[in-house]
Amino acid sequence: MIADLLTIVLVSAGAVFFLAGTVGLLRFPDPLSRLHALTKADSLGLGLIALGLVPQAGSVWMALKLLLVWLLVLAGSTAAGQMLARLHRAEAADD
Amino acid sequence: MTELLALTLALPLLAGALFIVATASTRAALFGFFAFGLFLALAWVALDAVDVALTEAAIGGGATGLLLLRLNGRMRHPVSLGEPAGPRLKIAAGLLAALVTLALGALLLALPEPAPSLAAATVEPLPALGIGNPVTAVLIAYRALDTLLEIVVLLIAVVGLRALGTDRGWGGRPVPWPEGEPSPALVFLARLLIPAGLVFAVYLFWVGADAPGGKFQASTLVAALWLLAIMAGLAPAPCSGGRWTGRALAIGPLAFIVAGTIGIAAAGSFLAWPEPVAKPMIIAVELALAVSIVVALVLLVAGPPERETGR
């Protein structure tokens, strides 16, 4: 019961972050702030969803796998965000 | 519920395909292609075809997308393929595509219910092979000849790619990936992902016997990690004329053909697995195939050799 409640709260909070990130991606004026909105949604939103699914995982191994997925995506999207920002700066300097 | 999920997944597929065709920027189309591949993989998961989903995510979306991205990066000047298609040709092509789609849809609706299936016959002899995943059994046992020919096609593609290289670069390495210092974020990511990815690749390779996975997906993953290391400047691109490259490319098809020939002597036909040693033989052949696939994929994505060996 408490586990289910935890899942609902955390997953909903994660979904809110994704929604906010998407709105930011669509509405923010320049690439760097759009990137900022997107990486927050990726890292925090997915983290909350993964954490929210842990009570439903059924076994410790499954829960660890969920958290591992989050960590890997965290590293991947952070690095991608950095590289996109770098590319943007290089292209802006060229103009 | 399943239909609803399938429909929700079909929408981004349609939208993605339209975006890729309609967008003006090549780079945007390429990133659209990555997203499209991901959604296609999800659609395969929704259809319970996890093996296909893994292959789509690894080869269809990932490796092909990377190949196109690399190509886009190398082509500084857009290459014209002649006159752009006129309105008449476009309408004709659109009509043809619509006709094919309609015909496929009609065929799908005309399928008998229940659909004819060889699933039971496929699963029955699995214990003799020591394999629990019917998809793997089809690839390595029932249709082993197809798999052998697939790896040969991959080899021919590598030969064709080598022929595209400049004379000066014959037998050398492809052009280095990053022109300049690689981003520190990329180096960090490569250092983090490569060990984790290698562990996962071994797992994928091994679990393919009993669950979705297998040598193709595992090899694509290893190839992707190698490419990541090349991009981050942590490893050199393979030297296409190098002694080890040639051997690595040859070992897969050779092992397959040798195993097939043993099959003639021991089990009565080419590529038949003699029962008591079926499992170890299959693993040996798959390992050899994996080595060849990794090297072939890395060579294909890295591009034709263009600079001299040792530079």
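Right above here is the structure, for reference.
Given the structure is predicted, the values throughout are model-derived calculations rather than measurements.

Q: Go over helix α1 (residues 2–22) of chain B with me, naming the residues and quoting the values.
A: Because an α-helix completes one turn every 3.6 residues, residues spaced three or four positions apart along the sequence face the same direction. Residues and elements named next belong to chain B. The first and last C-alpha atoms of α1 sit 30 Å apart over 21 residues, in line with the 30 Å expected at 1.5 Å per residue. The set of residues buried in α1 consists of L9, L13 and G16. One side of α1 holds all its buried residues, which, seen down the axis, span an arc of 65 degrees. The exposed set on the far side of α1, more than 90 degrees from its buried face, consists of E3, L4, L7, L11, L14, L18, V21 and A22.

Q: Please provide a residue-by-residue account of the packing of aromatic side chains, values included.
A: Residue and element names in this part refer to chain B. Inspection of every chain in the model, using the stated rule, returns two aromatic pairs over all chains. Measuring from centroid to centroid gives 6.3 Å for F31 and F34, while their planes differ by 35 degrees, and the two rings are tilted. Placement of the pair is F31 and F34 together in helix α2 (residues 26–46), with a separation of three residues, close to one helical turn. Taking the relative accessible area as the measure of exposure, F31 reaches 43% and is therefore partly exposed. The ring of W244 is capped by R247, whose NZ or CZ atom sits 5.2 Å from the centre of that ring. Note that K279 overlies the ring of W206, its terminal NZ or CZ placed 5.7 Å from the centroid.

Q: Give me the lowdown on the interface of chain A and chain B, citing residues and values where you can.
A: With nine residues of chain A in contact, the opposing surface of chain B contributes nine residues. Carbon and sulfur atoms supply 75% of the area that chain A and chain B bury against each other, a total of about 730 Å² over both sides. Counting across the chain A and chain B interface gives one salt bridge. R27 of chain B is paired through a salt bridge with E91 of chain A; the nearest N and O atoms lie 2.7 Å apart. Linking chain A with chain B are one residue pair in polar contact (both at pLDDT 80 or more), by the criterion used here. Class assignment for the residues of the side of chain A that touches chain B results in five nonpolar, two polar and two charged.

Q: Got a sec to walk through the environment of G303 of chain B? Specific residues and values, please.
A: Residue and element names in this part refer to chain B. Within the fold, G303 resides in the loop between α12 (278–302) and β2 (305–307). Sequence spacing of G303 and L164 is 139 residues, and the spatial spacing of their C-alpha atoms is 9.0 Å. Sequence-distant contacts of G303, defined by excluding residues within four places in its chain, comprise L161 and P174.

Q: Which residues make up the nonpolar core, and what values do they have?
A: All names here are of chain B. One finds L129, I140, L227, F256 and W273 to be the most contacted residues of the largest nonpolar core, which totals 47 residues. Of all the elements in the fold, those that place two or more residues in this core are α6 (126–129), α7 (134–142), α8 (144–164), α9 (184–207), α10 (215–231), α11 (243–267) and α12. The element best represented in this core is α12, accounting for 14 residues.

Conventions adopted
Residues numbered from 1 in each chain as written. Chains lettered and ligands numbered in written order. Predicted model: local features only at pLDDT ≥ 70, side-chain atom pairs only at ≥ 80, totals over all residues. Heavy atoms only, no water. Helix = DSSP H or I, 4+ residues; strand = E, 2+ residues; numbered from the N terminus. Expected span 1.5 Å × (residues − 1). Buried < 20%, exposed > 50% of the residue type's maximum accessible area, 1.4 Å probe, protein only. Arc of directions from axis to C-beta. Phe/Tyr/Trp six-rings, centres within 6.5 Å; stacked < 30°, edge-to-face > 60°. Lys NZ or Arg CZ within 6 Å of the ring centre and 35° of its normal. Contact = heavy atoms within 4.5 Å. Buried area = accessible area lost by both parts, 1.4 Å probe. Salt bridge = Lys/Arg side-chain N within 4 Å of Asp/Glu carboxyl O. Polar contact = N/O pair within 3.5 Å; in protein donor to acceptor, adjacent residues only side chain to side chain. Nonpolar A, V, L, I, M, F, W, Y, C, P; charged D, E, K, R; others polar. Core = buried A, V, L, I, M, F, W, Y, C linked by side-chain atoms within 4.5 Å.

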